[in-house]
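# Descriptive analysis of the structure
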Amino acid sequence: MRGLDYQSVVGRKPDPGSETTAYVLRLGSVELEPISYSTLLALRDCPVVVREVLDLCFLDRPVMWADPAEVPPGSYRARLREIEALLVAIDQRFKDASRPCHGVFARIVELWRELTLAALRDLERAVDPGAGVSARKVLIDLRRTVLPCVQALVELLPEDDECSIRARRKLVEGRAGLTEAMASEPAVFEDVGWRQTEIPRDPEDPGFVTWGIP
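Notes on the structure in this doc start here.

### Notes on helix α6 (residues 135-154)
Under the 1.5 Å per step criterion, the end-to-end length of α6 is 28 Å for 20 residues, consistent within 8% with the ideal 28 Å. A maximum bend of about 35° is found in α6 at Val-146, where proline Pro-148 lies one to four positions downstream. Among the 20 residues of α6, 16 are classified as buried, and the element is accordingly described as predominantly covered.

### A few points about the state of the cysteines
In total, this model carries zero disulfides according to the counting rule given. The thiol sulfur of Cys-46 is not disulfide-bonded, and the nearest other cysteine sulfur, from Cys-101, lies at 3.6 Å. The class of Cys-46 is buried, set by a relative accessible area of 5%.

### Side note on the side chain of Asp-91
Tracing the sequence through the fold places Asp-91 in helix α4 (residues 76-96). Among the residues examined, Asp-91 registers a relative accessible area of 8% and is labelled buried. Residues in contact with Asp-91, not counting those within four places in the same chain, are Ala-106, Val-109 and Glu-110.

### Describing the sheet that holds strand β1 (residues 21-27)
Taken together, three strands build an open sheet; the order of strands is β2-β1-β3 and the sheet is antiparallel. Each edge of the sheet is formed by a strand with only one pairing partner; in this case those strands are β2 (30-31) and β3 (192-198). Bridge count between β1 and β3: seven bridges; the pairing is antiparallel. Bridge assignment links Leu-25 to a residue of β3, and that residue is Trp-194.

Conventions adopted
- Residues numbered from 1 in each chain as written.
- Predicted model: local features only at pLDDT ≥ 70, side-chain atom pairs only at ≥ 80, totals over all residues.
- Heavy atoms only, no water.
- Helix = DSSP H or I, 4+ residues; strand = E, 2+ residues; numbered from the N terminus.
- Expected span 1.5 Å × (residues − 1).
- Bend = angle between axes of the 7 residues up to and from the residue.
- Buried < 20%, exposed > 50% of the residue type's maximum accessible area, 1.4 Å probe, protein only.
- Disulfide = S-S within 2.5 Å.
- Contact = heavy atoms within 4.5 Å.
- Pairing = 2+ DSSP bridges.

Note that all results are geometric; they support no functional claim without further evidence.
This is the structure in structure tokens:
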């Protein structure tokens, strides 16, 4: 079941004085570490960062949204390696930054990179005819699992933002292409969304709350 979108969860302000209300982003089968409300709000204050990730790793990379039938299988590995290299560089910049919200961006980018590396390993196996691995299926599975990362980033931009508009169109196009490519099986897309929760206090020190990402 899909969680709340970003704008909806921002509207769920914690009770005044609350120190334990937290917000968790679910990306497919992965839940990121809980963050505070102030960090949640700060995510929307970094549009330049979000646009850069979307432009470099999604919008400029048809392998992530074009009809799978139109992407030559022989080009998968080279194109995914380019994306992986970009994600490494972006991730390092986030880790070197001091703002807490950059830790959230870093985790999204890390997950995207982990999924890309897994796909590259599967593509190596696909070279062997006896491995029973289809390169096209590997790409479809990658896109299906990466879409939540893209969707989460898009939601941080204003709806009338040019990059947001383009990315939303490509998300629709990408999902339609996957639905058609997966015609022989249910087109199941990975879940994405936010939820509000509470971080329990340390029983040894009730005044202390442990956060994942500040």
